[in-house]
Protein chains: 2
Amino acid sequence: SASQDLDLEILKTVIEQLDADRIRENLRELSKEPHLATSPRDEALVQLLLQRWQDPESGLDSARTAEYEVLLSFPSEEQPNRVDVVNSTGAILFSCRHSEENLTGEQGGPNVVPPYAAYAPPGTPQGPLVYANQGSEEDFKELQNKGVKLQDSIVLTRYGGVGRGAKAVNAAKYGVIGVLVYTDPKDINDGKSLPNETFPHSWCLPPSGVERGSYFEYFGDPLTPYLPATPSSFRLNSDNASGFPPIPIQPIGFEDAQVLLCNLGGNLAPADWQGGLGCDYNLGPGFRSNGTFPEDSQVNVSVHNRLELRNSSNVLGIIRGAVEPDRYVLYGNHRDSWVHGAVDPSTGTAVLLELSRVLGTLLKKGTWRPRRSIVFASWGAEEFGLIGSTEFTEISAPGSSGLSIYDNWIRYYNRSSSVYGLVPSVGTLGAGSDYAPFIHFLGISSMDIAYTYDRSKTSARIYPTYHTAFDTFDYVNKFLDPGFTSHQAVARTAGSVLLRLSDSLFLPLNVSDYSETLRSFLQAAENLRVPLEQHNISLGPLVTAVEKFEGAATSLNQRIATLQKGTSDPLQVRMINDQLMLLERTFLNSQAFPEERYYSHVLWAPRTGSVATFPGLSNAYSQAENTGHEPAAWAEVQRQLSIVVAALEGAAATLRPVADL
Amino acid sequence: SASQDLDLEILKTVIEQLDADRIRENLRELSKEPHLATSPRDEALVQLLLQRWQDPESGLDSARTAEYEVLLSFPSEEQPNRVDVVNSTGAILFSCRHSEENLTGEQGGPNVVPPYAAYAPPGTPQGPLVYANQGSEEDFKELQNKGVKLQDSIVLTRYGGVGRGAKAVNAAKYGVIGVLVYTDPKDINDGKSLPNETFPHSWCLPPSGVERGSYFEYFGDPLTPYLPATPSSFRLNSDNASGFPPIPIQPIGFEDAQVLLCNLGGNLAPADWQGGLGCDYNLGPGFRSNGTFPEDSQVNVSVHNRLELRNSSNVLGIIRGAVEPDRYVLYGNHRDSWVHGAVDPSTGTAVLLELSRVLGTLLKKGTWRPRRSIVFASWGAEEFGLIGSTEFTEISAPGSSGLSIYDNWIRYYNRSSSVYGLVPSVGTLGAGSDYAPFIHFLGISSMDIAYTYDRSKTSARIYPTYHTAFDTFDYVNKFLDPGFTSHQAVARTAGSVLLRLSDSLFLPLNVSDYSETLRSFLQAAENLRVPLEQHNISLGPLVTAVEKFEGAATSLNQRIATLQKGTSDPLQVRMINDQLMLLERTFLNSQAFPEERYYSHVLWAPRTGSVATFPGLSNAYSQAENTGHEPAAWAEVQRQLSIVVAALEGAAATLRPVADL
Ligand SMILES: [Ca+2]
Ligand SMILES: [Ca+2]
Ligand SMILES: [Zn+2]
Ligand SMILES: [Zn+2]
Ligand SMILES: [Zn+2]
Ligand SMILES: [Zn+2]
């Protein structure tokens, strides 16, 4: 019936039926073999998911795959990428490993892709080595200030601080010709670096472990921005595609990084550039006089990556809504991994499959059908740059006013609440995974649910075997979640969120939460009041707009409370729900960030400016400060402020009673 | 109730009550005085409309104004614009009129703005005169081919063929320094040009009549593209604003044009460049030897226009929907005129007011309330470039999924149907008036209803006194529609459309109408199949996409027919109506035409290419043909084709049963 609402008995049943052992068995199957995007095993998993969701026993209404032809990047099988130390006559003095050590019998074999930087261009640069910390702009500036010669050098950087691709982009600006990157044990292992302290003896990263990853600066298929990558689609020539690293770059393990870094000459690096390799980190250029290598030895980086057009599939399964089938709750996770990908992404898919099983069983029995439609998604080629989910949004936009929540998980944070104790933290969504095109390009409310390690007990940047060949089923089963109770907790949380979103008569979205964000952005902007006024830019309209939003949000909440008490006309309820759903869309402005592919959300676009306010305003302000106060830069500050004000006015109007002038 | 549907008795009552005499009296009041945008009389009309719609007797639920600060262009009061013939010593031999002849007592006085080209830059160029036909690119190419010197010349052009601003843009590319433009009696008066053949003796344009107009190349406030022009908004510096004519331009009457044109020297102009001024039109440059002026006389054009920031208002009135108040039918017309503006725009507003009166009366009596909300709009500053309606769309976008139909009128065409005889013609919408930002920028289905003269009886380009001081109440009352029966017919048609859109249970939009358009565009594209295939561009995906759309449209119509027979779940009906409403939105692609401000509709963007297919494809194809087959130009053809295919696939998906994978 039109007044169908969340049934707490059903919710309880779902939560009780979510089974830790089944999640474990799902994970075992999903992570049994490496399943790099478009590999035979990735394709086999497409079929596995499709069959589970198509099986009449599953209870789902239908399932299908959607295939795209996308540009991926792979290392050459014939010519492995190499990192060597060579002396002045060209003789090789030392070579970094080409693959991780086969510690558990799972790190060998043809399906384990050797460590590489996807989309790094081929090339064989050689030069003196320099240590460049995290490879940020500030790091290179500091090296330049210290007089370290960067032109024609190879730099060694550690992961963290800035994105992968940014390290190569920043380096190239200073004439650097090749980049190495490694994970420092201080950043990932709480300093532990010995074989017997690391996996398989603990959860820590072994010395030979190497983080793979995509070095593409945008997301989506690189050749088809804003168009779905169907076989017949227009494609950029790969020479015209942008966002690839400008120079060769290659990741290595900290075992090899230690040999290079602990032999570097030059001055001592700053204190916060030091790490956990058990030696002083010098800056270079070149090696020290009393070390393993002759001083004039150089580093040669040989990258032989190749771009290839490959077919990658998404798998979609659907449960049709009983009352509002044209409103969708989308629950997805990517499928492809770098190697076995037990944690990333298979934990997510293991839970997703268990939840689709439990919900399907209820459907099959006829005891339940959600008010709104539920879509399950398994995205392909996420690791190469969120490709599967992005191509999906390019097909569906912009007529897709129906999609309402994109629910995904990978990352994990907790926070302490004075009222509730330790609760899940609600942070902001960057572009970490498949949800990115939904929130940033389509303006669809999204969330990323996860369970992670206790951050009071480790300073690890991320779980240590991330994107390495050691992220295996045994790693999860032994060190991360032996009883699969954390998985079960995530399944229960996700199940609860999914049912509340799909079944609640009124969407469980509190628009006043946005008032908090706006208030905090406004407070940060207040710190700029004086310099802005010096350039005749007034914050007054922003203050007014935030207040209007707060007022509209409060009174919408009151109207909802009133409606919840009385009888509910289905169209009135739908009207309110549309206001809740469409609020996110009003924050999009396709003119706001013309240089930033896909980004158009005026609250959540990437912020590079230092002031924690609206990203466009913050970035434009930093730019104006840095460019010596050019009038055009201040005009851009005013333009960004006007964009925010217009978006907030539009948002407030969206929340106001309809047909209210 | 949720199943409220169109009541034909109510429709009949509305149609019967629409009163021709009241429309006449509305028109008399509205066109009593000149009401140029932001003038005191324009402001007085804002108050008049506001009071009518706010008056409790009116029956409307509420009304308000929305004010914007916009950049307009006016001639100087102290220094009138001038067009003079001067001899080699600089003595003035002849001057064009500064204002129209005061034939009816209404063409004089301080409120009649002298003829000018809004947004033309100030300047006083002088040079030999050349006749350039309509000032199109082809016209200037032909002059160049004929060896007519254009550098440093003044050109005389006639209205028609290309837009106003384009004449100056094209001229400047050839080194022309000033432009004159006039209306040829052949194009507007079926050749009649004598005082006793023209107004006030007939509907024809008098010899001194001058068409004013905006020469701005885009629409919306020139300083605030994509942002609402609130007082605090970011504004471009007017030096950085684009779209203004590059050189001075001034319109004149055909009485003055005759003196200039009939004295031109040089070769005879081509046959299709000849007009109705009773002499042979020569090309120039300069005057003929045996004419009124010495051969070396030149033309001096003195333009003293000024840009001014002014406050312009829209007026909005609303009738709240009883069942779906969050779905809107918008019915608007602009308010501002060039002079008295009896036809343009006051006929429209006179009808709008009569319709709001009749509907308000029913509301007041309690006999009717529409299913959906109705918004009446009176837009400001349309004549300067659709400014009022554009600023409105900039505030409301993009969260405004609720707006459904923008109903407006100005233009008039009939067509003969083999079945029905003479019926209103449904052409395509350009950017002729206020609806432009709704359809092109927001993707809201729009229509433009009108009643015009019998095109079999005159070849007039438009009604003859368009944008002149002769477009007065008496002109309408005496020559155009003495009994106001045409007005009444428009009111009845508009009333019927408005009621059907606001009251029908199922929206009266037939998606298969779009199948016809797509089929015709596809057929035109088929003519390009061979050259496209020579560049490895296949039409196959387009054929498939059109077929998918046709299939989806047909089966949606079948589902509607089935639903109409059975009982109707209100949410099911709403779902279908949303599909009908959102179809238009799926044709938008903000990446399609990055250079074309606001235009993003892949079916209705401006087409400059000669092939009558999708505008992006047609334009890119012409470009590729014209640029000597550069690979980048063919890549753009493929990109445009992919954009169309993606839009059609999205459109078909929008029409398919929801929750259908
Ligand atoms: Ca794409
Ligand atoms: Ca604007
Ligand atoms: Zn992942
Ligand atoms: Zn990953
Ligand atoms: Zn008009
Ligand atoms: Zn007009």
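## Here we look at the sheet that holds strand E5 (residues 126-127) of chain A
Strand pairing in a sheet takes place through backbone hydrogen bonds and is either antiparallel or parallel in direction.
Right, so step 1: A sheet is described by the order of its strands in space; here four strands give the open sequence E3-E2-E11-E5 (chain A), paired in antiparallel fashion. Strands at the two margins of the open sheet, each flanked by one partner only, are strand E3 (92-95) and E5 of chain A.

## Focus on the relation of the copies chain B and chain A
Right, so step 1: Overlaying chain B with chain A gives an RMSD of 0.1 Å, the required rotation being 180° about an axis along which the chain moves by 0.0 Å. The two molecules are tied by a two-fold rotation axis, judged by turn and shift.
Right, so step 2: Both copies share a contact surface, since 100% of the interface residues of chain B are interface residues in chain A too.

## Re the pattern of salt bridges
Residue and element names in this part refer to chain A.
Right, so step 1: Using the criterion set out here, one finds 58 salt bridges over all chains in the structure.
Right, so step 2: Put simply, aspartate 42 and arginine 335 hold a salt bridge, and the shortest N to O gap is 2.7 Å. With aspartate 42 in helix H3 (residues 40-54) and arginine 335 in the loop between strand E13 (324-334) and helix H8 (342-365), this pair connects stretches of sequence that are 293 residues apart. Arginine 335 carries the same exposure label as aspartate 42, and that label is buried.
Right, so step 3: One salt bridge connects glutamate 649 with lysine 548, and the closest N-O pair in it is separated by 2.6 Å. Here glutamate 649, found in helix H18 (residues 631-655), pairs with lysine 548, found in helix H15 (residues 540-565); they are 101 residues apart in sequence, far enough to count as distant.

## Things to note about the environment of valine 530 of chain A
Residue and element names in this part refer to chain A.
Right, so step 1: If you trace the backbone, valine 530 turns up in helix H14 (residues 529-534).
Right, so step 2: By relative accessible area, which is 56% here, valine 530 ends up exposed.
Right, so step 3: Each C-alpha atom of the pair valine 530 and tyrosine 451 lies 43 Å from the other, and the pair is 79 residues apart in sequence.

## Some thoughts on the sheet that holds strand E6 (residues 129-131) of chain B
Residue and element names in this part refer to chain B.
Right, so step 1: In spatial order, the strands read E6-E7-E8-E10; together these four strands make up an open sheet with parallel pairing. This sheet does not close on itself; its edge strands, each paired only once, are E6 and strand E10 (249-251). When strand polarity is set aside, the average angle formed by the axes of neighbouring strands in this sheet is 25°.
Right, so step 2: As defined by bridge partners, strand E8 (residues 178-182) adjoins E10 across three bridges and the pair is classed as parallel. Along E10, the bridge assignment pairs leucine 180 with glutamine 250.
Right, so step 3: Running at roughly 145° to E8, helix H5 (residues 164-173) makes contact with strand E7 (154-158), E8 and E10 of the sheet.

## With respect to the coordination of the calcium ion (ligand 1)
Residue and element names in this part refer to chain A.
Right, so step 1: Protein-derived ligands of the calcium ion (ligand 1) are Thr224 (O), Thr224 (OG1), Leu227 (O), Glu391 (OE), Glu391 (OE), Glu394 (OE) and Glu394 (OE), with the metal-ligand distances lying across 2.2 to 3.2 Å.
Right, so step 2: Summarised as a motif, the one-chain spacing of the donors to the calcium ion (ligand 1) is T-x2-L-x163-E-x2-E. Of this pair, leucine 227 sits in the loop between strand E9 (213-214) and strand E10 (249-251) while glutamate 391 sits in helix H9 (residues 387-396), and the two are 164 residues apart along the sequence. When sorted by exposure, leucine 227 lands in the same class as glutamate 391, which is buried.

## Here's the deal with the coordination of the calcium ion (ligand 2)
All names here are of chain B.
Right, so step 1: All of the protein donors around the calcium ion (ligand 2) are Thr224 (O), Thr224 (OG1), Leu227 (O), Glu391 (OE), Glu391 (OE), Glu394 (OE) and Glu394 (OE); their distances to the metal are 2.2 to 3.2 Å.
Right, so step 2: Here the donor residues for the calcium ion (ligand 2) map to a single chain with the spacing T-x2-L-x163-E-x2-E. One end of the pair, threonine 224, is in the loop between strand E9 (213-214) and E10; the other, glutamate 394, is in helix H9 (residues 387-396), with 170 residues separating them in the sequence. With respect to class, threonine 224 is no different from glutamate 394; both count as buried.

## Considering the packing of helix H1 (residues 8-17) of chain A against helix H12 (residues 485-503) of chain A
Residues and elements named next belong to chain A.
Right, so step 1: Where H1 contacts H12, the axes come no closer than 9 Å and their chain directions differ by 155°. The angle between H1 and H12 falls in the class roughly antiparallel. Handedness of the crossing formed by H1 with H12: right-handed. Contacts between H1 and H12 involve Leu8, Ile10, Leu11, Val14 and Ile15 on the former and, on the latter, Arg492, Gly495, Ser496, Leu499 and Arg500.

## A few points about the interface of chain B and chain A
Right, so step 1: Contacts between chain B and chain A engage 48 residues on the former and 48 residues on the latter.
Right, so step 2: Summing the contributions of chain B and of chain A, the shared interface buries around 4000 Å²; its carbon and sulfur component is 68%.
Right, so step 3: The tally of links between chain B and chain A comes to four salt bridges.
Right, so step 4: Residue aspartate 578 of chain A is joined to arginine 574 of chain B by a salt bridge in which the shortest nitrogen-to-oxygen separation is 3.5 Å.
Right, so step 5: Here chain B and chain A share six residue pairs in polar contact (both at pLDDT 80 or more) between them.
Right, so step 6: Listed by contribution, the elements that provide at least two residues to the side of chain B that touches chain A are strand E1 (62-74), strand E12 (306-319), strand E13 (324-334), helix H16 (570-586) and helix H18 (631-655) of chain B.
Right, so step 7: When residues of the side of chain B that touches chain A are assigned to their parent elements, the largest contribution, eight residues, is made by H16 of chain B.
Right, so step 8: Within the side of chain B that touches chain A, the residues separate by chemical class into 25 nonpolar, 13 polar and ten charged.

## Remarks on empty space enclosed by the protein
Right, so step 1: In the structure shown here, the tally under the stated rule is five cavities of 30 Å³ or more.
Right, so step 2: By volume, the largest cavity amounts to about 110 Å³.
Right, so step 3: The residue makeup of the lining of the largest cavity, split by class, is six nonpolar, six polar and four charged.

## A closer look at the side chain of aspartate 221 of chain A
Residues and elements named next belong to chain A.
Right, so step 1: Positionally, aspartate 221 belongs in the loop between E9 and E10.
Right, so step 2: Arginine 235 provides the closest opposite charge to the buried, unpaired aspartate 221, separated from it by 4.7 Å.
Right, so step 3: Those residues in contact with aspartate 221 that lie beyond four places of it in its chain are Glu69, Val70, Leu71, Ala229, Ile387 and Glu391.

Criteria and thresholds
Residues numbered from 1 in each chain as written. Chains lettered and ligands numbered in written order. Predicted model: local features only at pLDDT ≥ 70, side-chain atom pairs only at ≥ 80, totals over all residues. Heavy atoms only, no water. Pairing = 2+ DSSP bridges. Helix = DSSP H or I, 4+ residues; strand = E, 2+ residues; numbered from the N terminus. Least-squares fit on C-alpha atoms with pLDDT ≥ 70 in both. Contact = heavy atoms within 4.5 Å. Salt bridge = Lys/Arg side-chain N within 4 Å of Asp/Glu carboxyl O. Buried < 20%, exposed > 50% of the residue type's maximum accessible area, 1.4 Å probe, protein only. Axes fitted to C-alpha atoms, helices over the stretch in contact; angles between N-to-C directions. Donors = N, O, S within 2.8 Å, 3.2 Å for Na, K, Ca; no water. Parallel < 35°, antiparallel > 145°, perpendicular 65-115°, else oblique. Left-handed = near helix turned anticlockwise from the far one by under 90°. Buried area = accessible area lost by both parts, 1.4 Å probe. Polar contact = N/O pair within 3.5 Å; in protein donor to acceptor, adjacent residues only side chain to side chain. Nonpolar A, V, L, I, M, F, W, Y, C, P; charged D, E, K, R; others polar. 1 Å grid on protein atoms, 1.4 Å probe; cavity = no way out; pocket = protein on both sides within 12 Å on 5 of 7 lines; lining within 4 Å. Points joined across faces, edges and corners; volume = space filled by probe spheres on them. Lys, Arg positive; Asp, Glu negative; His and termini not counted.

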